[in-house]
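Geometric and topological summary
So you can see what is in the structure, the chains are spelled out below.
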Amino acid sequence: HSLSALSPRFVACLDVGHSLITGDKPERMALQLGQDLRVLHIQDNDGLGDWHVIPHLGSIDWPAFLQALRQIRYPGTFSLEADNFPTKLGAANADAAFRLMVSVARNLADAFEG
């Protein structure tokens, strides 16, 4: 079944960190959602807590996840949901934290497209 059976306006959004917390691998969920997947909430964690930190600071297998996205020809948006990363580093480190967030996000997008 496809979400488009409800209406073309219904699409799937996958929060990769939440999928890990449920015990399911984000790459498996992406493959299951297939063409219905149009939005991603990109964050990382340890599979236990909802950390909302940048990729590569937790347990998500990013190369496997990006491969799954390429396999389904993911056409959608990467929405970085790593708001806890700069918060935990404090105001004095905010500029550096945001620069690192941009760099990591850009590298992830480049790895997907490459």
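Here, every reference points to the structure presented above.
Residues numbered from 1 in each chain as written. Predicted model: local features only at pLDDT ≥ 70, side-chain atom pairs only at ≥ 80, totals over all residues. Heavy atoms only, no water.

A positive phi angle, near 55°, is found at H52, a position not held by glycine. Along the polypeptide, H52 turns up in the loop between β2 (37-42) and α3 (62-71). Classification of H52 by relative accessible area gives buried; the value is 11%. Its identity as a non-glycine residue notwithstanding, R73 has a phi of 55°, on the positive side. (Helix = DSSP H or I, 4+ residues; strand = E, 2+ residues; numbered from the N terminus. Buried < 20%, exposed > 50% of the residue type's maximum accessible area, 1.4 Å probe, protein only.)

Here the focus is the pairing of strand β3 (residues 77-80). Inspection of the sheet shows β2 paired to β3 by four bridges, in the parallel sense. When the bridges of β3 are listed, L40 appears paired with F78. Where the polypeptide runs from β2 across α3 and back to β3, its parallel neighbour, the crossover connection is right-handed. (Pairing = 2+ DSSP bridges. Right-handed = clockwise from strand over helix to strand, strands pointing away.)

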